[in-house]
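Descriptive structure summary
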Amino acid sequence: MNIIAQPSAVPIQLDKQTADKRMTAGLGGGVALEWYDWNVYGVMAAFLSPHFFPSDDPTTSLLAGLAVYGAGFCARPLGAALLGPVADRISHKRVMLISVTAMAVCSLLISLLPTYKDLGVTAAVALLIMRLIQGLATGAEAGVANAIAIELAPPGKEGHYLSLIGGTFIQLGSLGSSLVAFLVSASVAPEAMREWAWRIPFAVGGVLGLLIIYLRTTVPETLINRAMHRQDESSRIQETTGGVWKTLWSVRLSLLAVILVIGSVQIANYAWNTGLPNMANTVFKENSTYVYGIMTLMVLIWMSTAPLVGAFADKVRPSRAFTLLRLLLIPCFFLTLLYSEKGIVTFFFVTVFGGAIVGFNMALYNFIATTLMPRAVRTTGVALGYALGVSLFGGTSPYLLVWLQREHIAWMFPVYGSLIALLSVLVYQIAKKRGRLYIGE
């Protein structure tokens, strides 16, 4: 009996290790794909917009394309409200599969969409619908991924692990979008880039989605349950959707803090990832290959430093790391004022050096948001806070940056970004003093 029982323990442990690796790959891969597909629209907006919103003024076309970009974010809160409780009460795996499938399919469809010349205004409406579907389906993605990741993280290393899932993998998606855009731009003539080659990065996103769908289908629901609900029964699930919302209302200060923690950094993220490169390509007519190459370098810095930032937060405490890095974001916003005319060297300086501070904040914000929510409503709370923060602040950021530049009042953008960043620190500190931090303190 003893001889038979002894070796049976080994494959169980190996299976668990393999499952955990698959979980990390499935979680991180889905997060990377989400950010690839979201960013690839942003980095291609300068080339895509004239085909769906033709105008004699290139900036007007770009602003219309960025408005659709922002509209996709507006659908996220609804997706979070509908899918978040489903994830908390029924199935995290199903929500993750819905999210990644919608992202992949819609990206593939955008790569094939007829343009305004073929369908008139119907083409623009179809593009808007694709973005709205993506927004709905990904509304709960951040909440699910972060809630599971925080439970899988080794004790005392939550910041490092969350920075891997919510930092490095996010930047892997951003890197992919910038790198593919760079390779395509460098491989074809400028005329081809404007006419048809902008479709290639969207098609790449659709194909990559097939791999991520497979990775997520191989993750067992039981492992997700183990990760999410490994402690006491009372924190395991809410019996009804109404119970989820009742609990969330009781921690509404935490929800407000999550919205601001996420929203303020997303103002900077989308200004650097979408607003600045599109302004460079459309308003200042920079060489697009140089622009995408610089963007790729910026994202490489973000991706490589994310785990270090997470480890720093584990060492000094998350609250201290967050406060320091968020306050550094305030002067960083004012660097955007330097890029007021054509100049690839200035673009490089603002993007890489200013972007480094943005990247440090991007590495930490998912972890900080997750610490603000109790386990029972962690998926719904983080998902809804994420969706509201991104839609209210992040999705409108590129439009505001370009529009304020055109209206010659560019100084208003850094003032706006700085005020929201300062507000995020103040509300976070109030939540901390009232005992609304649940992890890492």
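Analysis parameters
Counting starts from 1 at the beginning of each chain's written sequence and moves along it residue by residue. Given that this is a predicted model, residues contribute local features only at a pLDDT of at least 70 and side-chain atom pairs are listed and counted only at 80 or more, while totals for whole chains, interfaces and linings are drawn from all residues. Computation of side-chain values covers all heavy atoms of the structure but excludes hydrogens and water. Strands are runs of DSSP state E lasting at least 2 residues, helices are runs of H or I lasting at least 4, and numbering of each runs from the N terminus. The buried label applies to any residue whose accessible area, calculated with a 1.4 Å probe on protein chains only, is under 20% of its type's maximum; exposed applies above 50%, and partly exposed to all values in between. Here a residue-residue contact requires only that any non-hydrogen atoms of the pair lie within 4.5 Å. With residues, only the protein chains shown are counted as cover, and all accessible areas are computed by Shrake-Rupley using a 1.4 Å probe. Within this scheme, the nonpolar core is defined by two criteria: the residues are buried Ala, Val, Leu, Ile, Met, Phe, Trp, Tyr or Cys, and they are joined through side-chain atoms within 4.5 Å. Throughout, the edges of the domains are those of an automatic or database domain assignment. Per residue, pLDDT measures the predictor's confidence, with a range of 0 to 100. The term salt bridge refers to a side-chain nitrogen of Lys or Arg lying within 4 Å of a carboxyl oxygen of Asp or Glu. The arc in question is the one traced by the directions running from the helix axis out to the C-beta atoms. Here the expected length of a helix is defined as 1.5 Å per residue gap, with one fewer gap than residues.

1. Focus on the overall build of the protein chain
Looking only at helices and strands, one finds 19 helices and zero strands in the protein chain. Across the 441 residues that make up the protein chain, the buried fraction comes to 60%. Look at the contacts in the protein chain between residues 6 or more apart in sequence, and 87% of them connect residues 24 or more apart. Of the accessible surface of the protein chain, which amounts to about 17200 Å², a share of 69% is contributed by carbon and sulfur atoms.

2. Considerations on the nonpolar core
Formed by 129 residues in total, the largest nonpolar core has its most connected members in Met44, Leu127, Trp272, Leu364 and Tyr365. Two domains each donate at least three residues to this core, and these are domain 1 (18-219) and domain 2 (242-434). Beyond its immediate sequence surroundings of up to four residues, tryptophan 272 is in contact with Pro277, Met295, Met298, Cys332, Phe333, Thr336, Val350, Thr351, Gly354, Gly355 and Val358.

3. Some points on the confidence of the model for the protein chain
Confidence in the prediction of the protein chain, expressed as mean pLDDT, is 84, and 88% of residues score 70 or more. Low pLDDT, under 50, characterises residues 1-14; the predicted model gives this stretch zero contacts beyond four residues in sequence or across chains. Note on residues 231-237: pLDDT under 50 across the span, and seven contacts to partners over four residues away in sequence or across chains.

4. What to know about the pattern of salt bridges
For the structure on display, the rule yields three salt bridges. The salt bridge partner of arginine 406 is aspartate 57, with a shortest N-O separation of 4.0 Å. On the criterion of sequence distance, the pair formed by arginine 406 in helix H18 (residues 397-406) and aspartate 57 in the loop between helix H1 (2-52) and helix H2 (58-74) is long-range, its members being 349 residues apart. Note on arginine 406: relative accessible area 34%, which makes it partly exposed. By relative accessible area, which is 30% here, aspartate 57 ends up partly exposed. Each of Asp57, Arg406 and Glu407 takes part in a single network of salt bridges with overlapping partners.

5. Quick word on the environment of serine 177
On the secondary structure map, serine 177 appears in helix H8 (residues 158-187). For the pair serine 177 and glycine 42, spaced 135 residues apart in sequence, the C-alpha separation works out to 9.2 Å. Excluding its chain neighbours within four sequence positions, the residues that come into contact with serine 177 are Tyr36, Asn39, Val40 and Val43.

6. Describing helix H9 (residues 190-197)
Along H9, the positions that sit buried rather than exposed are Ala192, Met193 and Ala197. Along H9, the residues classed as buried sweep out an arc of 105° about the axis, all on the same side. Exposed positions of H9 whose direction lies more than 90 degrees from the buried face are Pro190 and Glu195.

7. Considerations on helix H16 (residues 344-371)
When the terminal C-alpha atoms of H16 are compared, their 40 Å separation across 28 residues agrees well with the 40 Å that a helix rising 1.5 Å per residue should span. In terms of burial, H16 is largely enclosed, as 20 of its 28 residues are buried.

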